[in-house]
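Below, each chain spelled out in residue letters.
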Amino acid sequence: MGSLRDGHSEMAHSTASSVRAPNAVEETFPLTQRPSGASVNPPHISVTASKPPKKPLGWLAKFRRAVTLMAKPSTPIGKAPTVWRSIQAIVFASWLNVLLIFIPISWAMNFALPDQHTLTFVFAFLAIIPLAKLLAFATDELSLRVGQTLAGLLNATLGNAVELIVSIIALAKCQLTIVQSSLVGSILSNLLLVLGMCFFAGGLRFSEQGFGQSAVQLNSSLLTISVIALLLPGAFHMALQGQPEYDESSTDYNILKTSHGVAIILLFIYASYLVFQLFSHKALYDDDNEDMQKTKDYRGDNPFRLHRMRRNIMEGETVSSPSSVHEGEPAMTLHRPADTNPDMEPGTHSSVETEAEQPLMSLAVCLWLLVVVTTLVAVTAEFLVDSIDGLTSSGSINKEFVGVILLPIVGNAAEHVTAVTVSVKDKLTLSLGVAVGSSIQIALFVIPFIVTLGWIMNKPLTLLFDPLESIVLFLSVLTVNYVVQDGKSNWLEGMILMCLYMILVVTFWYYPGTQGIFPDC
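This paragraph deals with the overall build of the chain. For the chain, the count of helices and strands is 17 helices and four strands. Classification of the 521 residues of the chain by burial places 44% in the buried group. For the chain, contacts bridging at least 24 residues in sequence account for 81% of all contacts bridging at least 6. For the chain, the accessible area works out to roughly 27,600 Å², and carbon and sulfur atoms hold 64% of it.

In structure tokens form, the structure reads like this:
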């Protein structure tokens, strides 16, 4: 009983203290007047303010968060297929797989008939084309599982694997002219041929295609910097010629040292560009950026007759082509999906995607495909490089044409197919990321990396390129800068770029080339 009384007294004491509690904090926390019928309860005083503030995320946490956001796909991903379905998708990926038969033929030709350099070059040339297409196919499957910015970088990186492999093999065999001409030709092929085909193919379907103006202008600035880095050694060499104290051996040695220093600076610029694109300003490269220009359809009927009705198998609805909806005119009967914005401005194209992307390969098969294809490219490219000297010794074709025109066509097959395909789907941002981004990567990463690798391997590879190659590269970058400065494209601009590339093809067919300052390793 005593304990029971003690318990009642403690409860009374606690109740009295709880009732008196509001008076103790009345000046600090004023209470609102309650209705007479309401029960008197003590006010709930939040104590969250007394908790210590959250510490800001460290650089490692921010890095992990940025990587997680970049790796998140923009659209939902469906269930991955089985291994057998993945192999079937690889076999029937493209009709170019028929050319895979030239892989064993080129290998057999290299070992059985080593003197037939022309046949070895042709068969190896044809064998690398389907390998580059399979490389692009595997890259597209990986791109489905990441964001669009990282997908563009991934396409450009793996698309340049062929050029990088060919350059390393040619460098090891002291084919310095082939190394320099093939890298310059890759930039020209991406800027003029691939980008021109993207603008032309997209212009056949849309009147104008828009893209981010700020991002493209930044890419043009980076290309200009890389071209300046390639022009300075040539100016260095020409400025000292004819001087009384001119010494050819010491000048060549100084140009080699200058090239090594400039290559390190270019690599630093490329690393800064990656941080800018993937972390600090990645929103600048998104499709929903406010700087993005609108894509417009043709007024009236499409003059290229690409406005036919198409059946959407996934939705089971009939959808008209974007060219049938134009400004100021009534549209054809159009069954919109439920989530499509009905207030969308006529004459513009909406890129809203709600359907889940269905991958054609599992992730494991995709990675194995990348490894196998890269190995086959490396072996076949070695046979290709070995046959160049025998091919050009007859005089019917010169090394400049082989390096600037032929080799980049093989290496850029992946970028060409990928960029043109997505440009027709009004994904011009991804096309620019592949074409222009690939050119930036070659100019700011592959070229200085090869120069640095030659420094390590004791190969005298410099940034002193052929004078005609340097001038053509400068004029091409200048032309592309004028074409993309308004943030819009059409089929005529694509035609201009393609015709300029054909002019270069004719020029380098008759250009014999010059001997470098270090002809022999």
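With that settled, the discussion passes to helix α4 (residues 102–112). Of all the positions in α4, only Phe-102, Ile-103, Ser-106, Met-109 and Asn-110 are classed as buried. Seen along its axis, α4 keeps its buried residues to an arc of 135°; they face one direction. Set apart from the buried face of α4 by more than 90 degrees, the exposed residues are Phe-111 and Ala-112. Check the buried side of α4 and you find it contacts α5 (117–143) and α11 (363–386).

Before going further, it helps to spend a moment on the packing of aromatic side chains. Any aromatic ring pair is given by two values, namely how distant the centres are and how the planes are angled relative to each other. Taken as a whole, this structure holds 10 aromatic pairs when the rule is applied. Ring geometry for Tyr-270 against Tyr-273: centres 6.1 Å apart, planes inclined by 40°, an arrangement best described as tilted. With Tyr-270 and Tyr-273 both in helix α10 (residues 248–280) and three residues apart, the pair spans about one turn of that helix. Under the relative-accessibility criterion, Tyr-273 is labelled buried at 7%. Centre to centre, the rings of Phe-401 and Trp-509 are 4.9 Å apart; their planes meet at 85°, and the pair counts as edge-to-face. Here Phe-401 is found in helix α13 (residues 399–411), whereas its partner Trp-509 is found in helix α17 (residues 491–510), with 108 residues between them in sequence. Judged by its relative accessible area of 9%, Phe-401 falls in the buried class.

Turning to the side chain of Glu-493, a few remarks are in order. As for its position among the elements, Glu-493 is in helix α17. Buried and unpaired, Glu-493 has Lys-488 as its nearest opposite-charge partner, separated by 8.5 Å. Look past the residues within four positions of Glu-493 in its chain and what remains in contact with it is Phe-199, Val-483, Asp-486 and Lys-488.

Every α-helical turn comprises 3.6 residues, leaving residues that sit three or four positions apart pointing alike. Helix length check: helix α7 (residues 161–172), at 12 residues, gives a terminal C-alpha distance of 17 Å against a target of 16 Å (1.5 Å per residue), a fit within 8%. α7 sits mainly inside the fold: nine of its 12 residues count as buried. Every buried residue of α7 is accounted for by Ala-161, Val-162, Glu-163, Ile-165, Val-166, Ser-167, Ile-169, Ala-170 and Leu-171.

A few words on the confidence of the model for the chain. Overall, the prediction assigns the chain a mean pLDDT of 75, with 69% of residues at 70 or greater. Residue range residues 1–5 is modelled with pLDDT below 50. Its contacts to residues more than four positions away, or to other chains, number zero contacts. pLDDT under 50 marks residues 306–354. Its contacts with residues more than four places away, or in other chains, come to 69 contacts.

Moving on to the nonpolar core. Formed by 108 residues in total, the largest nonpolar core has its most connected members in Phe-121, Leu-195, Phe-199, Met-361, Val-402, Ile-447 and Phe-508. Those residues within four positions of Val-402 in sequence are excluded, and the remaining contacts are Phe-121, Ile-388, Leu-391, Thr-392, Ile-397, Leu-407 and Pro-408.

Our next topic: the environment of Leu-475. Mapped onto the fold, Leu-475 is located in helix α16 (residues 467–484). Classification of Leu-475 as partly exposed rests on a relative accessible area of 45%. Sequence separation between Leu-475 and Val-227 is 248 residues; the distance between their C-alpha atoms is 9.8 Å.

Thresholds, definitions, all that
- Residues numbered from 1 in each chain as written.
- Predicted model: local features only at pLDDT ≥ 70, side-chain atom pairs only at ≥ 80, totals over all residues.
- Heavy atoms only, no water.
- Helix = DSSP H or I, 4+ residues; strand = E, 2+ residues; numbered from the N terminus.
- Buried < 20%, exposed > 50% of the residue type's maximum accessible area, 1.4 Å probe, protein only.
- Contact = heavy atoms within 4.5 Å.
- Areas by Shrake-Rupley, 256 points an atom, 1.4 Å probe, with all protein chains shown as cover.
- Arc of directions from axis to C-beta.
- Phe/Tyr/Trp six-rings, centres within 6.5 Å; stacked < 30°, edge-to-face > 60°.
- Lys, Arg positive; Asp, Glu negative; His and termini not counted.
- Salt bridge = Lys/Arg side-chain N within 4 Å of Asp/Glu carboxyl O.
- Expected span 1.5 Å × (residues − 1).
- pLDDT = per-residue confidence, 0-100.
- Core = buried A, V, L, I, M, F, W, Y, C linked by side-chain atoms within 4.5 Å.

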